[in-house]
Structures are given as structure tokens and as C-alpha cells.
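# Observations on the model geometry
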Amino acid sequence: MSTSTIVKPCVIHVVRRYGPVGGMERYVWELTQELKALGFAVTVICERCHAEKPDGILIHELGEIAMRPRWLASYRFGNRVARWLEKNPHPKHIIHSHERLKCHHITTYHGPPFATVFEKPWWKRLSFRILMHLKMEQWELFTPNYIVPNSSFIKQQLSHYYPNIISKLTHPIVPGVKPIHSREVLSVPNNGGVVGFVGYEWKRKGLEFAAQIVAELRKHRSDVQFCIVGPATEDIKHIFTDWDVAAYKLMGWSDDSLYHHFDVLLHPAKAEPYGMVISEAMSAKVPVVVSDVCGAAEQVTPSFGLVLDLTAPIETWVAAVEQQLNRVDFAPQFERSWRNVAQEYGAIYNEFFESRFK
């Protein structure tokens, strides 16, 4: 007597850079490996794999192209993917995109909608570049059956700018985080402490405002040190021209987890679709002070730190950072496994597969 088995859908993920080389890229990197571990057949189409290729995942590299201008690079990649799929048909495969495609079934939306440009004066919207960005964003959103936002914040924005796609929006699937070595001793000097900032895109993530906050804090807590990880030293050293050399430390980019050196993470981002540095810091039991426009702010309960209105006075931000430095208890360890992320996607895949291919 034969027994029937449940066959999991085959999934093709599309991402330009495959590997843990950025927030979105790490999301795809971790997700695809967990999907494979759950029994899904996973294929990745990318320009290049930027890490050792994982076992059991079929990777097709299309070759790198010029990164600038961004809209043209994205447009060319989308066309190359479409041509590859046309030459290599994969019937009954689910095409899951993380890029600007127009040949996909599911997309994960990792960033703020480009449609926010409509909030700017009209004369700042008159360019071919903006027209193409908007057109490609519409391809990404209008083509698929499902749109997965990576945070509630992004879901709200998409609903606002594109009300006609609301029925396609799923529940947000926020990133996972791997357990990170946490601080073992809670000993912040009364007059000191280390305030950390992490982020390569330092302008968008609010480094200049963060520096103002720490400078104000040092007026009455003179031994506080500001530690910056991510930006190239040459790009940001002008911000600290008038600072005491001992008051700050420019770390540049590092692949190593440095959170256990921080006493608080300061992240006053101007726009942050999610903010994986926030969940990583919380995984290391480092309290956080973040702006309310971070997608990860939804996970920041009072035990983890504070969420502030980006327009709040600087005095409010200074007080919030000091409050976290003065904690007498450890922050709890934030937990969200990538296996949980993959299981949530698995449910979407199964629903789509049942409705489309059976």
C-alpha cells in the first residue's frame, strides 16, 4: 500500500547580491537556508554570490553590472532575470523577488516606497530617474499575487501610497536574528559609558543628530564615549572636528559583532524600513534608543529601551540615553529565529501553490 507524501513547493529567490552583505541581503541569505532546511527546493538567481555557496541551494549567477546609476542597474538586472526565466522555464515554481521585477509571484518589500517622493515639491520630481524608479516600483507591486512587507511600518506606507494593492499585502514578516554574544557584566561608570551607533548609510540613519545628542550628554557626563561602526572614517571625520580625541571612536566597517562593547545603541534614523542593528543589539542585551520611524521600533518594548518621536527636542533624547546608561538591570535578550521567518513564508508558499498550481 502506497502512502502519499506532502511535496513542498519549489521556490526561486531573486536578489542581486546573494550573501550577508547588507540588511536585505542577509534577510534573503538566512531565509533561503532555513527554507532549504525545512525541505523546500530553493534556487537563487543573482548577479553574484558574495559568500561560500550553501549546500543544497542551486545558485545561478548572471554576472555583475555597473552599480550606477541605481535605477539603470536595477532595470538591467530585472530584464536579465526575465530573459533567463524565459530561456529556462520552471513550471510550477514560485518566483519570489526581492528586487524590481515584473515576472514574479511574491515580493518581499524591504524598503520605504519610492512613492514618498510625492511628499517633495513638484520641481524635485521632474526627472527621468524618478520616473523610472516609480515605474519599476509599480512593476514590483502590481505584478505579484502577494506582497510581504518586512515591518508594520512598511505595510502602513504601502497601504497609504498604493491603496489598490492592499488586498495583496500579507502580515509583516520581520527579520530574524541570530543569538549574539551578550554583555556579561553590567557596570556603567556614573560619569561614563559607551554609546554605540551602527550603520553604513550614516546620513539616513541619523549620525549627525546622534553626535549632537552625545555631545550634549557629555556636558554633564564627561567620560561618555561615542563609538561609530559602519561609515568610512574619511566620510564622517568632519563631524568630530571639535571633539576631544578620547570622546569618540571611529571603527569603520566590521563584520564582527561589537554590540557587547556598547552600553546603549543610539539609532535616531530619519527613515529605517526595519533596522536589523536594533534587533541585533537587543539580542546582545544592549538597551536601545531609537526613532519612531524604524520598523523595528515595534519590537522595542520598555524593557528593551525607548522609542522617541524623531522631532522630539534634543533634551528628550539626551535624557533617554542617560536613562538607559543608568539602568541597574540587564535588558532581556531579544529572540526571533530565522526558522520562524522561514515557517511564516512556508505558509504563504503553500497557500499560493494550492490556489495556483493544483
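Now for a look at the structure at hand. (Residues numbered from 1 in each chain as written. Predicted model: local features only at pLDDT ≥ 70, side-chain atom pairs only at ≥ 80, totals over all residues. Heavy atoms only, no water.)

Looking now at the overall build of the protein. The helix and strand tally for the protein stands at nine helices and 14 strands. For 358 residues, the compact-globule estimate of 2.2 N^0.38 gives 21 Å, and the C-alpha radius of gyration of the protein, at 22 Å, lies within 12% of that figure. For the protein, with 358 residues in total, the buried portion stands at 52%. Relative to all contacts within the protein whose residues are 6 or more apart in sequence, the contacts with residues 24 or more apart total 64%. Summing over all exposed atoms, the protein offers an accessible surface of approximately 17,200 Å²; the carbon and sulfur share of this is 52%. Averaged over its 40 positive side-chain charges, the protein has a centre that lies 8 Å from the centre of its 37 negative ones. (Helix = DSSP H or I, 4+ residues; strand = E, 2+ residues; numbered from the N terminus. Rg over C-alpha atoms; globule rule 2.2 N^0.38 Å. Buried < 20%, exposed > 50% of the residue type's maximum accessible area, 1.4 Å probe, protein only. Contact = heavy atoms within 4.5 Å. Areas by Shrake-Rupley, 256 points an atom, 1.4 Å probe, with all protein chains shown as cover. Lys, Arg positive; Asp, Glu negative; His and termini not counted. Charge placed at Lys NZ, Arg CZ, Asp CG, Glu CD.)

Phi at Lys-92 takes a positive value of approximately 65°, unusual for a residue other than glycine. As for its position among the elements, Lys-92 is in the loop between helix H2 (70–87) and strand S6 (93–97). Here the phi dihedral of Lys-285 falls at roughly 65°; this positive angle occurs in a residue that is not glycine. In this structure, Lys-285 sits in the loop between helix H7 (276–283) and strand S13 (288–291). For Lys-285, a relative accessible area of 26% gives the class partly exposed.

Let us look at the pattern of salt bridges. Using the criterion set out here, one finds 17 salt bridges in the structure. We note a salt bridge from Glu-30 to Arg-26, for which the minimum N-O separation is 3.2 Å. One end of the pair is Glu-30 and the other is Arg-26, both in helix H1 (residues 23–37) and four residues apart, which spans about a single turn. Classification of Glu-30 by relative accessible area gives buried; the value is 5%. Of the residues examined, Arg-26 reaches a relative accessible area of 29% and is grouped as partly exposed. With a closest N to O distance of 3.1 Å, Glu-344 and Arg-336 form a salt bridge. You can call Glu-344 partly exposed: its relative accessible area is 24%. Three or more residues are tied together by salt bridges with common partners; here these are Glu-201, Arg-204, Lys-205 and Glu-272. (Salt bridge = Lys/Arg side-chain N within 4 Å of Asp/Glu carboxyl O.)

Let's shift gears to the packing of H2 against helix H3 (residues 128–142). Between H2 and H3, whose axes approach to 9 Å, the crossing angle comes to 35°. Crossing of H2 against H3: the hand is left-handed. Facing H2, whose interface residues are Trp-71, Ser-74 and Tyr-75, H3 presents Phe-128, Arg-129, Met-132, His-133, Met-136 and Trp-139. (Axes fitted to C-alpha atoms, helices over the stretch in contact; angles between N-to-C directions. Left-handed = near helix turned anticlockwise from the far one by under 90°.)

For the rest of this paragraph, the subject is the sheet that holds strand S7 (residues 106–109). In space, the six strands of this open sheet follow the order S5-S3-S1-S6-S7-S8, with parallel pairing throughout. Since the sheet does not close on itself, it has two edges, and those belong to strand S5 (58–61) and strand S8 (146–149), each with one partner. Across the sheet, the axes of successive neighbouring strands diverge by a mean angle of 20°, strand direction being ignored. Strand direction decides the pairing type here: strand S1 (residues 10–14) and strand S3 (residues 41–46), joined by five bridges, are parallel. Each bridged residue has a counterpart across the sheet, and for Val-11 the counterpart in S3 is Val-42. Its contacts with the sheet place H2 against S1, S3, S5 and S6, and it is angled at close to 135° to S3. (Pairing = 2+ DSSP bridges.)

All right, on to the pairing of S13 then. A two-sided burial pattern is seen for S13, the buried positions comprising Val-288 and Val-290 on one face and Val-289 and Ser-291 on the other. Two strands pair when backbone bridges link them, and strand S12 (residues 264–267) and S13 are joined in this way by three bridges, in the parallel orientation. Across the sheet, the residue bridging to Leu-265 is Val-288, located in S13. Pairing between S13 and strand S14 (residues 305–308): four bridges, direction parallel. Residue Ser-291 lies in a different strand from S14, and its bridge partner there is Leu-308.

Glancing now at the sheet that holds S12. Note on sheets: strands pair through backbone hydrogen bonds, and any given pair is parallel or antiparallel. With parallel pairing, six strands are arranged side by side in an open sheet as S11-S10-S9-S12-S13-S14. Looking at which strands have only one partner, the edges of the open sheet turn out to be strand S11 (248–252) and S14. Strand-to-strand twist in this sheet, taken as the mean axis angle between neighbours without regard to direction, amounts to 20°. Across four bridges, the pairing between strand S10 (residues 225–229) and S11 is parallel. Across the sheet, Phe-226 pairs through a bridge with Tyr-248, a residue of S11.

Right, let's talk about the side chain of Arg-327 for a bit. In this structure, Arg-327 sits in the loop between helix H8 (314–325) and helix H9 (338–357). At 3.0 Å, the side chain of Arg-327 and the backbone oxygen of Ser-303 are in polar contact. What Arg-327 contacts, discounting residues up to four positions off in sequence, is Leu-186, Pro-287, Pro-302, Ser-303, Phe-304 and Gly-305. (Polar contact = N/O pair within 3.5 Å; in protein donor to acceptor, adjacent residues only side chain to side chain.)

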